[in-house]
Amino acid sequence: MKKLVDSYKRQIKYLRISVTDRCNLRCLYCMPAEGVKLAPPDSILRYEEILRVARLAVEYGVTSIRVTGGEPLVRKGIVDFIGELSGLRGLEDISITTNGVVLSEFAAPLKKAGLNRVNVSLDSLKKDRFAKVTRGDKLGAVLKGLDEAHAAGLRPVKINMVVIKGFNDDEIVDFARISINKPFHVRFIEYMPFNTEEGWDREKCISADEIRDIIAGELDLEPINERGAGAGPARRFKVKGGLGELGFISPVTQHFCGECNRLRLTADGKIRACLFSDTEVDLREALRNGSGDSVIKDLLFRSVMEKPAGHQINENIFKKCARTMSLIGG
Ligand code: SAM
Ligand code: SF4
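How each quantity is defined
- Residues numbered from 1 in each chain as written.
- Chains lettered and ligands numbered in written order.
- Predicted model: local features only at pLDDT ≥ 70, side-chain atom pairs only at ≥ 80, totals over all residues.
- Heavy atoms only, no water.
- 1 Å grid on protein atoms, 1.4 Å probe; cavity = no way out; pocket = protein on both sides within 12 Å on 5 of 7 lines; lining within 4 Å.
- Points joined across faces, edges and corners; volume = space filled by probe spheres on them.
- Helix = DSSP H or I, 4+ residues; strand = E, 2+ residues; numbered from the N terminus.
- Contact = heavy atoms within 4.5 Å.
- Salt bridge = Lys/Arg side-chain N within 4 Å of Asp/Glu carboxyl O.
- Buried < 20%, exposed > 50% of the residue type's maximum accessible area, 1.4 Å probe, protein only.
- Axes fitted to C-alpha atoms, helices over the stretch in contact; angles between N-to-C directions.
- Parallel < 35°, antiparallel > 145°, perpendicular 65-115°, else oblique.
- Left-handed = near helix turned anticlockwise from the far one by under 90°.
- Nonpolar A, V, L, I, M, F, W, Y, C, P; charged D, E, K, R; others polar.
- Core = buried A, V, L, I, M, F, W, Y, C linked by side-chain atoms within 4.5 Å.
- Pairing = 2+ DSSP bridges.

**Student:** Is there a simple way to think about empty space enclosed by the protein in this case?
**Tutor:** Empty space among the atoms can be located by rolling a probe the size of a water molecule over them. Under the counting rule described, the total for this entry stands at one cavity of 30 Å³ or more. One number sums up the size of the largest cavity: a volume of about 50 Å³. Lining the largest cavity are Ile271, Arg272, Ala273, Cys274, Ser277, Thr279, Glu280, Val281, Ser303, Glu306, Lys307 and Pro308. Mapped onto the lining of the largest cavity, the elements with two or more residues apiece are β11 (270–272) and β12 (280–282).

This is how it looks when you write it as structure tokens:
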């Protein structure tokens, strides 16, 4: 069977699916307080439409699917959807990215339905600061969700911290310490440029190397060299003697485009071959006009051939993405 390989010979193995543009939080760097303008409900793909795309992507070489949003756990029927995904032959790994607000309620059913692992976004361990960044007072619920996810058998449970200078960089070491007594994988992510009212600027972005140096100044770090489940582009370390691990992700300062094996499906049915490129291929029309699988397949291959060599965040010509993260699917 022909595989999804782009014009730079990168084989696409990973599909990120946004199942909704809705969210129960309003993070400063992702959405305005009143929320983003939502797509009309009938423009959002139905689960059976998403499953059709997923099935074809898996047929042509995708082995790993991440479900995201918006907030994926606010879409009705998400557990059954994960159950359907897990029935796809050839799919080896299903993960979800969530803000964790309702995770404690969903962790066990999701695991039972076939979810393998979970990434929880968390940018502050301070109640007031958490409430400020998310515009929601839900820190306790998120922390409970992390423990429930582990108790349910989801492995690994990852925590994603977006580090923003002057906002939460004073918590970097506190986040690293979480991995000492809990088996969580804490990942530090550079702040990326999207079109939000918060206003990205280079000065607010701390490089992954700087973040690691800050931690290494206080804790004893050891590199981890083997490739773990879904390690992706993270450079991995461990605090000596700790139960969990640390990952450093540098989309801004050291992009990993050369090894990028991803495609994204937006909630409204567009394929985006690069997070930072606004070039999209529409699948929704073909999904709804009675087209056969060969048409959808051709559109998938076309979007893969349009995947750019890399993004240009560090070049003068870079412009912020037209969509925000919540609309692309993180
Ligand atoms: N609502 C879910 C959540 O927050 O995990 C899933 C969708 S959210 C858009 C996915 C991820 O994008 C989150 O980890 C969030 O922190 C991240 N994100 C949003 N805007 C970002 C930015 N400007 N730079 C880096 N990460 C960002
Ligand atoms: Fe919602 Fe996730 Fe965006 Fe926060 S980062 S507003 S939780 S979609």
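From this point, the discussion proceeds with the structure in view.
**Student:** I tried to follow the side chain of Ser303 on my own but got confused; where do I start?
**Tutor:** Relative to the assigned elements, Ser303 resides in helix α9 (residues 293–305). Those residues in contact with Ser303 that lie beyond four places of it in its chain are Leu263, Ile271, Ala273 and Val281.

**Student:** What's the story with the pattern of salt bridges in this structure? I'm lost.
**Tutor:** Pairs may arise between side chains of opposite charge once their charged atoms sit close together. Going through the model one piece at a time under the given rule, you end up with 20 salt bridges. The salt bridge involving Asp293 is made with Arg55; its shortest N-O contact spans 3.2 Å. Placement of Asp293 in helix α9 and of Arg55 in helix α1 (residues 47–59) is noted, with a sequence separation of 238 residues between them. For Asp293, a relative accessible area of 30% puts it in the partly exposed group. Here Asp298 and Lys297 are joined by a salt bridge, their closest N and O atoms 3.9 Å apart. When its relative accessible area of 45% is taken as the criterion, Asp298 is described as partly exposed. Put simply, Arg46, Glu48, Glu49 and Arg288 are held in one network by salt bridges that share partners.

**Student:** Please clarify how the packing of helix α2 (residues 78–86) against helix α3 (residues 103–113) should be interpreted in this entry.
**Tutor:** Helices that pack against each other are described as a pair by the angle of their axes relative to one another and the distance between those axes. Contact geometry for α2 and α3: axes closest at 8 Å, N-to-C directions at 25°. Comparing their axes, α3 and α2 come out roughly parallel. In the crossing of α2 with α3, the sense of the turn from one axis to the other is right-handed. Along its contact with α2, which presents Ile78, Val79, Ile82, Gly83 and Ser86, the element α3 presents Phe106, Pro109, Leu110 and Ala113. A class-by-class count of the residues in the contact of α2 with α3 yields seven nonpolar, two polar and no charged.

**Student:** Any chance you could explain the nonpolar core here in plain terms?
**Tutor:** Nonpolar side chains tend toward joint burial in soluble globular proteins. Core analysis: the biggest nonpolar cluster contains 79 residues, and Ile65, Leu85, Phe188, Ile215 and Leu246 have the highest contact counts within it. At eight residues, α1 tops the list of elements feeding residues into this core. Apart from residues no more than four positions distant in its own chain, Ile215 is found in contact with Ile172, Val173, Ala176, Phe188, Leu221, Leu246 and Phe248. Counting residues in hydrophobic clusters, the runner-up holds 19 residues, among them Val36, Ile189, Met192 and Val252.

**Student:** Would you mind showing me how to read the sheet that holds strand β3 (residues 93–98) here?
**Tutor:** Backbone hydrogen bonds are what pair the strands of a sheet, in a parallel or an antiparallel way. Strand order across the open sheet formed by twelve strands is β7-β8-β9-β6-β5-β4-β3-β2-β1-β10-β11-β12, with mixed pairing between neighbours. Two strands lie at the open edges of the sheet, namely β7 (221–223) and β12, each paired on one side alone. The average angle at which neighbouring strand axes cross in this sheet is 25°, direction not considered. Pairing of strand β4 (residues 117–121) with strand β5 (residues 157–163), which is carried by four bridges, proceeds in the parallel orientation. Bridge pairing in β5 links Asn119 to Lys158. Its contacts with the sheet put α2 on β2 (64–68) and β3, and the angle it makes with β2 is roughly 170°. Against the sheet, helix α5 (residues 139–152) contacts β4 and β5, and its axis sits at roughly 145° relative to β5.

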